[in-house]
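Report on the structure
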Amino acid sequence: MSLTSLSNRSSYPLFKRPLLTVVITAFIATLSVTGCSSPESNDSEPAETNTENPTADAASNIANNDAVSAQTISVDTVKGKVDLAINPSPFVVYDMSLLQDLAALDVAVDGMPGNLRLDNLHAKTQPEPKTVGTVFEPDLEALNAMKPQAILVGSRMAEKYDELSNIAPTLDMTIDTANIYDSSKQRLHDLGALFGKSDEAAKLQGDIDTLIEETKTVTQNKGKGLVIMVNGNKMSAFGDKSRYGFIHSVLGVPMTDNQIADAPHGQPVSFEYLQKANPDWLFVLDRSAAIGEDGAGAKAVLDNPLVAQTNAWRKNQVVYLSPDSYLAFGGYYQWIKDLTTIKNAFAAAK
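Below or above, wherever it landed, is the structure these notes cover. (Residues numbered from 1 in each chain as written. Predicted model: local features only at pLDDT ≥ 70, side-chain atom pairs only at ≥ 80, totals over all residues. Heavy atoms only, no water.)

Estimated volume of the largest pocket: approximately 670 Å³. For the largest pocket, the lining is made up of 27 residues, of which Ser155, Arg156, Arg243, Tyr326 and Phe329 are closest to its centre. Looking at the lining of the largest pocket residue by residue, the class counts come to 13 nonpolar, 8 polar and 6 charged. (1 Å grid on protein atoms, 1.4 Å probe; cavity = no way out; pocket = protein on both sides within 12 Å on 5 of 7 lines; lining within 4 Å. Points joined across faces, edges and corners; volume = space filled by probe spheres on them. Nonpolar A, V, L, I, M, F, W, Y, C, P; charged D, E, K, R; others polar.)

Structure representation (C-alpha cells):
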C-alpha cells in the first residue's frame, strides 16, 4: 500500500482564501513480472509511479475510480490547516454564501441556521436540515447532539471559530472582499474538491465567467458609478475594496469618487454628497429590505430633490442590487443575479 500526498497550489493572487491539499490512499494490485505475487496481494509495488502532483480537481474526480479511494482532505483555511474526511457527514454550515455555492453544487447540508431570508440556500436533493442556531450565534446544544464531522463558517460567524472548533473540525472560508472574484472562485473550486464535485464547480464558475464577460461588453465607456447602501434614512458609500467592489474591479465601471474610505459598513454620506459626486450610475443596496426591517425603502429615500439632480437619477440609471449582495456576497446565485441585473441595465442605457 502506498501513501501519496497530493497538493493543490493555484496561481491565483495571494490573499486569504482556502487552499486544498488532498491525501489519497491508493490500493493498486499489480502482477509481479516474476509471477510470485497473487492477484489479491496489496504488497506489490505499482508498475509505474507518477511523480507529478495532480490538482485538487483531479484528485476529487479520480476518487470515483475503483482503484483509488480518497479518504482524507487537508484544507488550508483562513485560520490554518484543518484535516477532515472527504464528504464529511453530517456537516453544518453557518454562512449564506457558502450555502448558495453548496446548493448550486447540489450538496445537501445537514445543519444550518434558522430564519434565513434567501430562497436559494437549499440543494435540490436537500432533506429538511436541522436548525443549529443563527448566522450570528450557534446553538451549542444542537451541535453537540448532531456530532458533526465538519463545520463551515464565514464572515459573520468567523468570530465563533474557537468555540466551534471545540466541537468539530471548523473551516473558516471567509471571502476576501478586497479580492472578491478570485476569493469566491477559489472557494467554489475548494468546495467542489471537498465534496467530490469539481466538474460541477468548474461548470458553475463558467456560468459566472461568461456573465462577467457579457456584462463587461456593455459597461465600457458608459460613465462612472457609485455604490451606496441605504439603511433607513442613513446612507453609506463603498469603494473598490468592498464586497461591492467587483462593479469597479471586475466589470470595469470607473469610480465616481476614488477617495471613499475602506470600511466594513461603508463611508457615511449625505444627499449633498450624492449631488456633488454626480454619478452617472448609482448602484443601490437596500439594507432594510434585505433584512426584513419595516420603514421606507431605498427608492423612497432617494426620491429627493438633491439626488434628482444627478446624472444617474435623470437618466434612470439607478441599479438596485439583490439582497444576496448583502447577505450572501460572493455566492453563486449572488453573482448570477447581480451580473444579470447590471448587464440588462447597461444594455438598456441610451
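Packing of helix H6 (residues 198-219) against helix H13 (residues 332-347) brings their axes to within 9 Å, and their N-to-C directions diverge by 20°. On the basis of their axis angle, the class for H6 and H13 is roughly parallel. The crossing of H6 and H13 is left-handed. Across the interface between the two elements, Leu204, Asp207, Ile208, Leu211, Ile212, Glu214, Thr215, Val218 and Thr219 from H6 touch Tyr332, Trp335, Ile336, Leu339, Thr340, Ile342, Lys343, Phe346 and Ala347 from H13. (Axes fitted to C-alpha atoms, helices over the stretch in contact; angles between N-to-C directions. Helix = DSSP H or I, 4+ residues; strand = E, 2+ residues; numbered from the N terminus. Parallel < 35°, antiparallel > 145°, perpendicular 65-115°, else oblique. Left-handed = near helix turned anticlockwise from the far one by under 90°. Contact = heavy atoms within 4.5 Å.)

What follows is about the environment of Met173. One can find Met173 in the loop between strand E9 (170-172) and helix H5 (180-194). Measuring from C-alpha to C-alpha, the distance between Met173 and Ser183 comes to 9.4 Å, with 10 residues separating the pair along the chain.

A few words now on the sheet that holds strand E12 (residues 267-269). Strand order in the open sheet made by the 5 strands is E12-E11-E10-E13-E14, with mixed pairing throughout. Looking at strand neighbours, the two that pair on one side only are E12 and strand E14 (318-320), the edges of this open sheet. Taken pair by pair, the neighbouring strands of this sheet meet at an average axis angle of 35°, ignoring direction. (Pairing = 2+ DSSP bridges.)

Attention now goes to the nonpolar core. In terms of nonpolar packing, the biggest core is built from 61 residues, with Phe91, Leu152, Phe283 and Ile342 touching the most fellow members. Counting residues in hydrophobic clusters, the runner-up holds 18 residues, among them Met255, Val269, Val284 and Val301. (Core = buried A, V, L, I, M, F, W, Y, C linked by side-chain atoms within 4.5 Å. Buried < 20%, exposed > 50% of the residue type's maximum accessible area, 1.4 Å probe, protein only.)

What follows covers the side chain of Asp338. Inspection of the secondary structure puts Asp338 in helix H13. Among the polar contacts listed, one links the side chain of Asp338 to the side chain of Gln334, at a separation of 2.8 Å. If sequence neighbours within four positions are ignored, Asp338 has contacts with Phe246, Leu321, Ser322 and Ser325. (Polar contact = N/O pair within 3.5 Å; in protein donor to acceptor, adjacent residues only side chain to side chain.)

For helix H2 (residues 96-104), the tally of buried residues reaches 9 of 9 residues, placing the bulk of the element in the interior. Turning to H2, its buried residues number three or more, namely Met96, Ser97, Leu98, Leu99, Gln100, Asp101, Leu102, Ala103 and Ala104. After H2 finishes, the residue Asp106 shows a positive phi value of roughly 60°.

Let's shift gears to H13. Note that an α-helix has 3.6 residues per turn; residues three or four places apart therefore point the same way. With 16 residues, H13 should reach 22 Å at 1.5 Å per residue; the first-to-last C-alpha distance of 22 Å fits that figure. Within the sequence span of H13, burial applies to Tyr332, Gln334, Trp335, Asp338, Leu339, Ile342 and Phe346. Take H13 and look down its axis: the buried residues cluster within an arc of 150°, on one side only. (Expected span 1.5 Å × (residues − 1). Arc of directions from axis to C-beta.)

A word on the pattern of salt bridges. Enumeration according to the criterion identifies 7 salt bridges in this entry. For Glu137, the salt bridge identified is with Lys160, shortest N-O distance 3.1 Å. Of this pair, Glu137 sits in the loop between strand E7 (130-131) and helix H3 (140-146) while Lys160 is found in the loop between strand E8 (150-153) and helix H4 (161-165), placing the two residues 23 residues apart along the sequence. Residue classification places Glu137 among the partly exposed residues on the basis of a relative accessible area of 41%. (Salt bridge = Lys/Arg side-chain N within 4 Å of Asp/Glu carboxyl O.)

Turning to the packing of H2 against H5, a few remarks are in order. At a minimum axis distance of 10 Å, the contact between H2 and H5 shows a crossing angle of 55°. Classified by the angle their axes make, H2 and H5 are oblique. Between H2 and H5 lies a crossing whose hand is right-handed. On H5, the residues touching Ser97, Leu98, Asp101 and Leu102 of H2 are Arg187, Leu188 and Leu191. Tallied by class, the residues present in the contact of H2 with H5 amount to 4 nonpolar, 1 polar and 2 charged.

Throughout the structure, instances matching the rule amount to 1 cavity of 30 Å³ or more. The calculated volume of the largest cavity comes to roughly 50 Å³. Considering the residues around the largest cavity, the lining is formed by Asp95, Ser97, Gly154, Ser155, Arg156, Met173, Thr174, Ile175, Arg187, Leu327, Ala328 and Phe329. When its residues are assigned to classes, the lining of the largest cavity shows 5 nonpolar, 4 polar and 3 charged.

This model, assessed by the stated rule, comprises 7 aromatic pairs. On the numbers, 4.9 Å between centres and 40° between planes, the contact of Phe91 with Phe195 is tilted. One end of the pair, Phe91, is in strand E5 (residues 91-93); the other, Phe195, is in the loop between H5 and H6, and 104 residues separate them in sequence. When the centroid spacing of 5.0 Å and the interplanar angle of 80° are considered together, the rings of Tyr332 and Tyr333 count as edge-to-face. An aromatic cluster is present here, built from Tyr181, Phe246 and Trp335 joined pairwise through their rings. If you follow Arg156 out to its NZ or CZ, it ends over the ring of Tyr326, 5.5 Å from the centre. Geometry around Tyr320 places Lys299 over its ring, the cationic atom sitting 5.1 Å from the centre. (Phe/Tyr/Trp six-rings, centres within 6.5 Å; stacked < 30°, edge-to-face > 60°. Lys NZ or Arg CZ within 6 Å of the ring centre and 35° of its normal.)

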